[in-house]
Amino acid sequence: MTSQRFSIFSLAKAALTGHRTWTDHWRKAEPKDRYDVVIIGGGGHGLATAYYLTKEFGVTNVAVVEKGWIGGGNVGRNTTIVRSNYLLAANIPFYEHAMKLWEGLEKELNFNAMVSQRGVLNLCHSDAQRDAFARRGNAMRMHGVDAELLDRDGVRALAPFLDFNEARFPIVGGLLQRRGGTVRHDAVAWGYARGASDRGVDIIESCEVIGFLRDGGRIAGVATTRGDIRAGKIGMAVAGHTSAVAAMAGLRLPIESHVLQAFVSEAIKPLIPGVITFGAGHFYISQSDKGGLVFGGDIDGYNSYAQRGNLPVVEDVCEGAMALMPMLGRIRLLRSWGGVMDMSMDGSPIIDRSPLDGLYLNCGWCYGGFKATPASGWCFAHLLATDAPHPTAAAFRLDRFARGAVIDEKGQGAQPNLH
Amino acid sequence: MRIPCPFCGERDLSEFIYLGDAALAMRPPSDAGGAFGDYVYLRDNPAGPHRELWYHAAGCRSWLRVTRDTRTHVITEAAFACPGLADGQQ
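Residues numbered from 1 in each chain as written. Chains lettered and ligands numbered in written order. Predicted model: local features only at pLDDT ≥ 70, side-chain atom pairs only at ≥ 80, totals over all residues. Heavy atoms only, no water.

Engineer: Please clarify how the overall build of chain B should be interpreted in this entry.
Structural biologist: Within chain B one finds two helices and six strands. If you list the helices and strands of chain B from N to C, you get β-β-β-α-β-β-β-α. Each principal axis of the C-alpha atoms in chain B carries an extent, and together these give about 40 × 30 × 20 Å. Restricting the contact set of chain B to residue pairs at least 6 apart, pairs at least 24 apart contribute 45%. In the form shown here, chain B has an accessible surface area of approximately 4800 Å², with 52% of it arising from carbon and sulfur atoms. In chain B, 9 positive and 11 negative side-chain charges are present, and the distance between their average locations comes to 4 Å. (Helix = DSSP H or I, 4+ residues; strand = E, 2+ residues; numbered from the N terminus. Contact = heavy atoms within 4.5 Å. Areas by Shrake-Rupley, 256 points an atom, 1.4 Å probe, with all protein chains shown as cover. Lys, Arg positive; Asp, Glu negative; His and termini not counted. Charge placed at Lys NZ, Arg CZ, Asp CG, Glu CD.)

As structure tokens, then:
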């Protein structure tokens, strides 16, 4: 089954027939006994991996197994921000790869993912922080990524509603990436699922992995709640649950799972033009097309698989909001939620072969996984198809910790709750 | 979440600082080679009961060893971390 193409004509036709002609976006597949590649995890990264495996690397006998439903995990729990404003040479080309794929995503998938390059503005509040931003902006520009250093007046022109009179943390400027922005996260999951399914990928929902099948020392398949599935190669893309799934294969990884909370307010008229981050605490905010203010801050800071957080971080986030935009004190919160993050030991991800033959890892995304989705899928597909790392993800190796070659953007050391 | 400090009683989460897995108190010798790398970087990270180190920074400034379920945040045990250290147990 190939799903319908979206166009102005198909939309008009469906509108005139009461929208009764739309078909499912992806097949509800039953598991087969064997695949060339099985991806564990039907989130954004797993679905993108399956899509690019078939589209770019000619691997067509692929299944994605998902314990819940498509769009029910972290791909539906993030704050939808995309950007490539990194400092380190190991990260910039990868995230820029992702940014370029975001820019062409809707045409590629024939799906409206509401890609909106409305700009990401990081505010700085001291001379030292401005120097650090200048360094980061220069690193970005040396890699061909857009970056602009704004002074106070430049920030005021973009966001006159910020509190410029804050005595303790005055806004002295900001680093702006105009190509950054937001993408409708659910549509990313649905679009990749539809694209992968159209290319023959079996997307198997309600199918939880409960163990690994071994063939000598090799991982030869997965035991699931819907039966055993054998595979030539198995890729793990399971967001916050990497340690739990890897433990079934006997692996210990440089990862802690932490809970990150996010918040959305009641819908208001257009207020915030892009994504704005507060540099003196940890707070970021944007406005969805529906009008709600979407914001968040730090992770709670202790190991958690609970998908819900505690009140001290809620208070901390709200303090950040009030310091930046005192007018937010008048707005009502609509809801808050939590997602479980793979916090790696250096704050950077892992896309690599595991020490076990047949098992491949895509993990450690910390709380930056959403923006990486297309490139993560592309690079993981490259690894699964060719057994060699993609050039833009070549540094994301599992053994970098033992080698002392960590990629530590924030310079915090092996303390995951500080990244 | 409240942590039952053995000295101060049940206190709010915001008074505490988290370090991580209680195994971090068992530092191997610095010439242990690969074992030291594993100590620094690898974690069990279980979904379930987890023994972990908390510092009561805004209270009695004791290091605590807390057993907490990472799926529910329910704390089943909280004890001083140091007596165990002195006994060479953990």
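Engineer: So what exactly am I meant to see when it comes to the interface of chain A and chain B here?
Structural biologist: It is common to give the size of an interface as the accessible area lost on bringing the parts into contact. Residue-level contacts link 23 residues of chain A with 22 residues of chain B. Across the chain A/chain B interface, buried area totals approximately 2000 Å², and carbon plus sulfur atoms make up 52% of it. Per-residue buried area on chain A facing chain B is highest for R252, N303 and Y305 of chain A; these three make up 30% of the total on that side. Counting every contact that joins chain A to chain B gives two salt bridges. The residue E256 of chain A makes a salt bridge to R43 of chain B at a minimum N-O spacing of 3.2 Å. Between the two partners, chain A and chain B, sit 15 residue pairs in polar contact (both at pLDDT 80 or more). Every element with two or more residues in the side of chain A that touches chain B is listed here: β12 (255-267) and β15 (292-303) of chain A. In terms of residue count, β12 of chain A provides more of the side of chain A that touches chain B than any other element does, four residues in total. Residue classes in the side of chain A that touches chain B are distributed as eleven nonpolar, nine polar and three charged. (Buried area = accessible area lost by both parts, 1.4 Å probe. Salt bridge = Lys/Arg side-chain N within 4 Å of Asp/Glu carboxyl O. Polar contact = N/O pair within 3.5 Å; in protein donor to acceptor, adjacent residues only side chain to side chain. Nonpolar A, V, L, I, M, F, W, Y, C, P; charged D, E, K, R; others polar.)

Engineer: Can you help me understand the sheet that holds strand β6 (residues 173-177) of chain A in this one?
Structural biologist: Residues and elements named next belong to chain A. Spatial ordering of the open sheet is given by β5-β6-β4-β13-β14-β15-β12-β16, a layout of eight strands whose pairing is mixed. Whereas interior strands pair on both sides, the edge strands pair on one side only; in this sheet they are β5 (148-151) and β16 (333-344). Across the sheet, the mean angle from the axis of one strand to that of its neighbour is 25°, orientation sign disregarded. Note: strand β4 (residues 120-124) against β6, five bridges, orientation antiparallel. Residue pairing in the sheet places N122 in a bridge with L175 of β6. Against the sheet, helix α5 (residues 127-142) engages β4, β5 and β6, with an angle of about 150° to β4. (Pairing = 2+ DSSP bridges. Axes fitted to C-alpha atoms, helices over the stretch in contact; angles between N-to-C directions.)

Engineer: So what exactly am I meant to see when it comes to the confidence of the model for chain B here?
Structural biologist: Caution applies to low-pLDDT regions: their predicted coordinates should not be interpreted in detail. Residue and element names in this part refer to chain B. Per-residue confidence for chain B gives a mean pLDDT of 91; residues scoring 70 or more make up 91%. The low-confidence segment residues 85-90, where pLDDT is below 50, has ten contacts with residues more than four positions distant or belonging to other chains. With pTM at 0.95, the complex prediction returns an ipTM value of 0.92. (pLDDT = per-residue confidence, 0-100.)

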